[in-house]
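Geometric and topological summary
So the chains spell out like this:
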Amino acid sequence: MEATGLSPEVPRRRGVGAGRGVLEGAFALLEGLAGVDEAGLSDLAARAGLPKATAHRLLDQLAGLGAVERRDGRYRMGATVARLGRAWRTHRMVERAAALPLRRLVAVTGGGAAAVAPCAGDMVVIARLPGPADAGIPFPAGAVVPPGSAAHIVVAASGTATRPPVGCSAAEWSRRVGSAREHGVAVQHSEGEVPMCCVVAAVRARSGAVVAAIGVTLLDDRRSGSAADAVRHAARAAGVNLARMPAARRL
């Protein structure tokens, strides 16, 4: 949940035609839309790494299926994708369990709070609440969190085998994971025009398995220590709420 780019540009695809290539192109366009409210054809084609003619043809097909909406030459995510997203049961349960803990976390820390959950090897934002001192994190619901984030660290600290992200040595990754395991939170600092820090804790199901993570991003990175207790409390509260749901007992 650190403030980095959500969706790096997909390398340009060649020969997008029948079969798997068409599916890859369509999903690349949907990924491009996932990080923005709406976008034009040229922008989406560049994000997906597709020729404009191919992107236009695929967007027409996606619009016909209700996967995207087209208005005044611009595109946005459609109702079909939203409906399919709601069918992700873990997503729905964790979102409900985290709703009140997230609101309390924003009230206590003044930061922007979010809940993320593992999905197909990625960490996906399932809920986000801006705070009074919101850092402007570019992570809308449905966005994929960049590899190596604090959310990935707390999942790795639970015992889930993960490889170090690109640019991070095995020794450094082991140190970060070990620190998260020791303190119950992962703290990640981001340097830039506005220094920020992200504090994240794991949400566990009744079985003890990590099913999500809750975190807060603060504009003042000196507050990470005081925020850690609030984040741990929010994650535990979400876990308790999750355990009360009959449908979550198999998680």
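Numbers given for residues are sequential positions, taken from 1 along each chain in its written order. Only residues with pLDDT of at least 70 are given local features in this predicted model, and only at 80 or more are side-chain atom pairs given and counted; all residues enter the totals for whole chains, interfaces and linings. Note that water and hydrogens are dropped before the side-chain values are worked out from all heavy atoms of the structure.

1. Comments concerning unusual backbone geometry
Formally: By the criteria applied, helices consist of DSSP H or I runs no shorter than four residues and strands consist of E runs no shorter than two, each listed in order from the N terminus.
Non-glycine residue Asp 72 carries a positive phi angle of around 55°. Note on placement: Asp 72 falls in the loop between strand S2 (68-71) and strand S3 (74-77).

2. Thoughts on helix H3 (residues 52-64)
The α-helix advances 3.6 residues per turn, and as a result positions three or four apart in sequence lie on the same side. Formally: Expected helix span is taken as 1.5 Å per residue step, with the number of steps being one fewer than the number of residues. Each residue gets one of three labels from its accessible area relative to the maximum for its type: buried under 20%, exposed over 50%, partly exposed in between, using a 1.4 Å probe on protein chains only. In this description, the arc belongs to the directions extending from the helix axis to the C-beta atoms.
Across its 13 residues, H3 extends 18 Å between first and last C-alpha, which sits within 8% of the 18 Å expected from 1.5 Å per residue. The set of residues buried in H3 consists of Thr 54, Ala 55, Leu 58, Leu 59 and Leu 62. Projected onto a plane normal to the axis of H3, the buried residues spread over an arc of 130° and lie on a single side. Of the exposed residues in H3, the ones pointing more than 90 degrees away from its buried face are Ala 53 and Gly 64. Downstream of H3 by one or two residues, Gly 66 has phi in the positive range, about 80°.

3. Here's the deal with the sheet that holds S2
Filter applied, for reference: Whether two strands pair depends on DSSP finding at least two bridges between them.
Spatially, three strands are ordered S1-S3-S2 in an open sheet, and the strand pairing comes out antiparallel. The open sheet terminates on both sides in strands that have one partner only, identified here as strand S1 (39-40) and S2. Bridge count between S1 and S3: two bridges; the pairing is antiparallel. Paired with Gly 40 across the bridge in S3 is Arg 74.

4. Here we look at the side chain of His 152
Note the cut-off: What qualifies as a polar contact is a pair of N or O atoms within 3.5 Å, subject to a donor-acceptor requirement within protein and to the restriction that residues adjacent in sequence count only when both atoms come from side chains. The contact definition used throughout considers only heavy atoms, calling two residues in contact when any of these lie within 4.5 Å.
Inspection of the secondary structure assignment puts His 152 in helix H6 (residues 150-157). Judged by relative accessible area, His 152 falls into the buried class, the value being 15%. Among the polar contacts listed, one links the side chain of His 152 to the backbone oxygen of Pro 146, at a separation of 3.3 Å. Not counting residues within four places of it along the chain, the set of residues in contact with His 152 comprises Met 123, Val 145, Pro 146, Pro 147 and Trp 173.

5. A closer look at the confidence of the model for the chain
Using the following cut-off: pLDDT measures how confident the predictor is about each residue, on a scale from 0 to 100.
A residue-level look at the chain finds 79% of positions with pLDDT of 70 or above and a mean pLDDT of 80. Put simply, helix H4 (residues 79-86) is where the chain has its lowest mean pLDDT, 66, and helix H7 (residues 170-183) is where it has its highest, 92. Scored below 50 in pLDDT, residues 1-20 shows 54 contacts in the model against residues more than four places distant or in partner chains.

6. Re H6
Within H6, eight of the eight residues are buried, which leaves the element mostly enclosed by the surrounding structure. For H6, the full list of buried residues reads Ala 150, Ala 151, His 152, Ile 153, Val 154, Val 155, Ala 156 and Ala 157. Residues of H6 that are buried in the fold lie against strand S4 (112-119), strand S5 (122-129), H7, strand S6 (186-190), strand S7 (196-204) and strand S8 (210-218). Phi turns positive one or two residues past the end of H6, at Gly 159, with a value near 115°.

7. Structural notes on the packing of H6 against H7
Here is the rule we go by: To obtain an axis, a line is fitted to C-alpha atoms, over the contacting stretch when the element is a helix, and the angle between two such axes runs from 0 to 180 degrees between their N-to-C directions. When describing relative orientation, an angle under 35 degrees is termed roughly parallel and one over 145 degrees roughly antiparallel, while 65 to 115 degrees is termed roughly perpendicular and anything else oblique. For this classification, the nonpolar set comprises Ala, Val, Leu, Ile, Met, Phe, Trp, Tyr, Cys and Pro, the charged set comprises Asp, Glu, Lys and Arg, and every other residue, Gly included, is treated as polar.
Running from N to C, H6 and H7 cross one another at 75°; their axes reach a closest spacing of 8 Å. In terms of their interaxial angle, H6 and H7 are classed as roughly perpendicular. Between H6 and H7, the contacting residues are His 152, Ile 153, Ala 156 and Ala 157 on the first element and Trp 173, Arg 176, Val 177, Ala 180 and Arg 181 on the second. Its residues placed into classes, the contact of H6 with H7 shows six nonpolar, one polar and two charged.

8. Concerning the pairing of S8
Burial analysis of S8 places nine of its nine residues in the buried class, the great majority of the element. Direction of pairing for S4 relative to S8: antiparallel, over a ladder of five bridges. Pairing of Gly 112 across the sheet is with Thr 217, part of S8. Hairpin connection between S7 and S8: a loop of five residues separates the two successive antiparallel strands, and Gly 208 in this loop has a positive phi of roughly 100°.

9. Some points on the nonpolar core
Our working rule: Definition used in this section: a nonpolar core is a set of buried Ala, Val, Leu, Ile, Met, Phe, Trp, Tyr and Cys residues joined via side-chain atoms within 4.5 Å.
In this structure, Leu 105, Val 199, Ile 214 and Leu 242 are the most contacted members of the largest nonpolar core, which totals 32 residues. A per-element tally of this core places helix H8 (residues 224-243) first, with eight residues.

10. Examining the state of the cysteines
Here is the rule we go by: The criterion for a disulfide is a pair of cysteine sulfur atoms lying within 2.5 Å.
Taken as a whole and judged by the stated rule, the model has zero disulfides. With no disulfide partner, Cys 197 has as its closest neighbouring cysteine sulfur the one in Cys 198, 7.6 Å distant.

11. Considerations on the sheet that holds S8
Taken together, five strands build an open sheet; the order of strands is S5-S4-S8-S7-S6 and the sheet is antiparallel. Only two strands of the sheet have a single neighbouring strand rather than two, namely S5 and S6. Within the sheet, the average angular offset between the axes of one strand and its neighbour, ignoring direction, is 25°. This element, H6, spans S4, S5, S6, S7 and S8 of the sheet and lies at about 35° to S7.

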